[in-house]
Amino acid sequence: MDGVPLAARFSIATNRLHYCGPAQAEPHLYRAIVEDRGDDEARRALEGFEALMPYLQAIGAKHGLDPFDRRVVEAYWIGNELLDAFGPADFPPLLEALHRRGLPRSVTERLLRHLPSRPIPHHLFHVAFVGVGAVTGHVPTTLANLEACRPAWATVRERRTETLRVVRPTLRIEDGRLAWGPDAEEEPPYDPRVVPDADPGRSVVVHWGWPALTLDPQQLGNLRAFTNRSMAAANEALPALGVFGPGRPG
């Protein structure tokens, strides 16, 4: 079960923005997506993504699976039952692995002091708890960047020539914690070779303004559930970490 094409779907947008991963990774990732198969070049490119690999390696090691098994990749980006096995004891080595990839020692130690009781290795938990751009230093941790970086489900309202008109839920800050805000309409550009079935009524997942994948009903349910679990876990720590500031308007 090759997860390289799935990982490429979520990683290509940040590589285009020069936020994550090695230079010149984009053509290898795009080929993996449109051909729906991985190769050595695409895998090596993904291995160079600073924050991605510690999570894939941790999930894979926990279950005796290759880091690029599709179930492992799906667990991190969307969420599935592989995440249920994780608890607080699994996170100190994961944070140390992120430190080796660039997370400053001072940040690592602070996160260890405020580790929530139910952390999970999901991408939203990473960007909310560890912080958007905390590993690379390329992006400030702001609500706007967290919104862009989280895998967000959206309902397609209209498919146009180069864009999709979608509606998706938004986040806000309430007393230093993440909370759900109102739905918002957006019109991101899309690539019909990547999401050829993004028809009105379908659900897609958007990452950094990029419709990365059309979700089936089970994936949509998992993304909703693990997003809420990630928010609950991060919210245990966010007021103490002062990332957004208690009472700061979102």
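In what follows, the structure referred to is the one given above.
Note that this is a predicted model, so its numbers are computed, not measured. (Residues numbered from 1 in each chain as written. Predicted model: local features only at pLDDT ≥ 70, side-chain atom pairs only at ≥ 80, totals over all residues. Heavy atoms only, no water.)

Concerning the overall build of the protein
Then, in step 1: The number of helices and strands found in the protein is 10 helices and 5 strands.
Then, in step 2: Its C-alpha atoms give the protein a radius of gyration of 17 Å, within 12% of the compact-globule value 18 Å for 250 residues.
Then, in step 3: Seen through its principal axes, the protein has C-alpha atoms that stretch 50 × 40 × 30 Å.
Then, in step 4: Classification of the 250 residues of the protein by burial places 52% in the buried group.
Then, in step 5: Pairs at least 24 apart in sequence give 62% of the contacts found in the protein among residues at least 6 apart.
Then, in step 6: Accessible surface, the protein: about 10,500 Å² in total, of which carbon and sulfur atoms supply 49%.
Then, in step 7: Charge separation in the protein, taken as the distance between the mean sites of 28 positive and 31 negative side-chain charges, equals 3 Å. (Helix = DSSP H or I, 4+ residues; strand = E, 2+ residues; numbered from the N terminus. Rg over C-alpha atoms; globule rule 2.2 N^0.38 Å. Buried < 20%, exposed > 50% of the residue type's maximum accessible area, 1.4 Å probe, protein only. Contact = heavy atoms within 4.5 Å. Areas by Shrake-Rupley, 256 points an atom, 1.4 Å probe, with all protein chains shown as cover. Lys, Arg positive; Asp, Glu negative; His and termini not counted. Charge placed at Lys NZ, Arg CZ, Asp CG, Glu CD.)

Overview of the packing of helix H6 (residues 91-101) against helix H7 (residues 105-113)
Then, in step 1: At a closest axis distance of 10 Å, the pairing of H6 and H7 adopts a crossing angle of 165 degrees. Our classification of the angle between H6 and H7 gives roughly antiparallel. When the axes of H6 and H7 are compared, the crossing they make is right-handed. On H7, the residues touching Pro92, Leu95, Glu96 and His99 of H6 are Arg105, Thr108, Leu111 and Leu112.
Then, in step 2: Its residues assigned to classes, the contact of H6 with H7 shows 4 nonpolar, 2 polar and 2 charged. (Axes fitted to C-alpha atoms, helices over the stretch in contact; angles between N-to-C directions. Parallel < 35°, antiparallel > 145°, perpendicular 65-115°, else oblique. Left-handed = near helix turned anticlockwise from the far one by under 90°. Nonpolar A, V, L, I, M, F, W, Y, C, P; charged D, E, K, R; others polar.)

Description of the packing of aromatic side chains
Then, in step 1: The final tally for this structure, using the stated rule, is 7 aromatic pairs.
Then, in step 2: Between tyrosine 55 and tyrosine 76, the ring centres sit 5.0 Å apart and the planes meet at 25 degrees, which makes this aromatic pair stacked. Here tyrosine 76 lies in helix H5 (residues 70-77) and tyrosine 55 lies in helix H4 (residues 52-63), a separation of 21 residues in the sequence. With respect to burial, tyrosine 55 and tyrosine 76 carry one shared label: buried.
Then, in step 3: Between the NZ or CZ atom of arginine 16 and the centre of the ring of tryptophan 210, over which it lies, the distance is 4.5 Å.
Then, in step 4: One Lys or Arg, lysine 62, reaches over the ring of phenylalanine 86 and ends 5.5 Å from the middle of that ring. (Phe/Tyr/Trp six-rings, centres within 6.5 Å; stacked < 30°, edge-to-face > 60°. Lys NZ or Arg CZ within 6 Å of the ring centre and 35° of its normal.)

A look at the packing of helix H2 (residues 26-35) against helix H3 (residues 40-47)
Then, in step 1: Contact geometry of H2 with H3 gives a least axis separation of 8 Å together with a crossing angle of 120 degrees. One finds that H2 runs oblique with respect to H3. The handedness of the crossing between H2 and H3 comes out as left-handed. Note on element contacts: H3 touches H2 through Glu41, Ala42, Ala45 and Leu46, opposite His28, Leu29, Arg31 and Ala32.
Then, in step 2: Of the residues that constitute the contact of H2 with H3, the class distribution is 5 nonpolar, 1 polar and 2 charged.

Digging into the state of the cysteines
Then, in step 1: The final tally for this structure, using the stated rule, is 0 disulfides.
Then, in step 2: You can see cysteine 20 has no disulfide; the closest cysteine sulfur is in cysteine 149, sitting 6.8 Å from it. (Disulfide = S-S within 2.5 Å.)

Section: helix H10 (residues 217-241)
Then, in step 1: Over its 25 residues, H10 runs 35 Å from end to end, which matches the ideal 36 Å to within 8%, given 1.5 Å per residue.
Then, in step 2: Helix geometry: H10 is bent most strongly at asparagine 235, by close to 35 degrees, with proline proline 239 lying one to four residues after it.
Then, in step 3: The first or second residue beyond H10 is glycine 242, which carries a positive phi of 65 degrees. (Expected span 1.5 Å × (residues − 1). Bend = angle between axes of the 7 residues up to and from the residue.)

So far we have only geometry, and geometry alone does not tell us how the molecule works.
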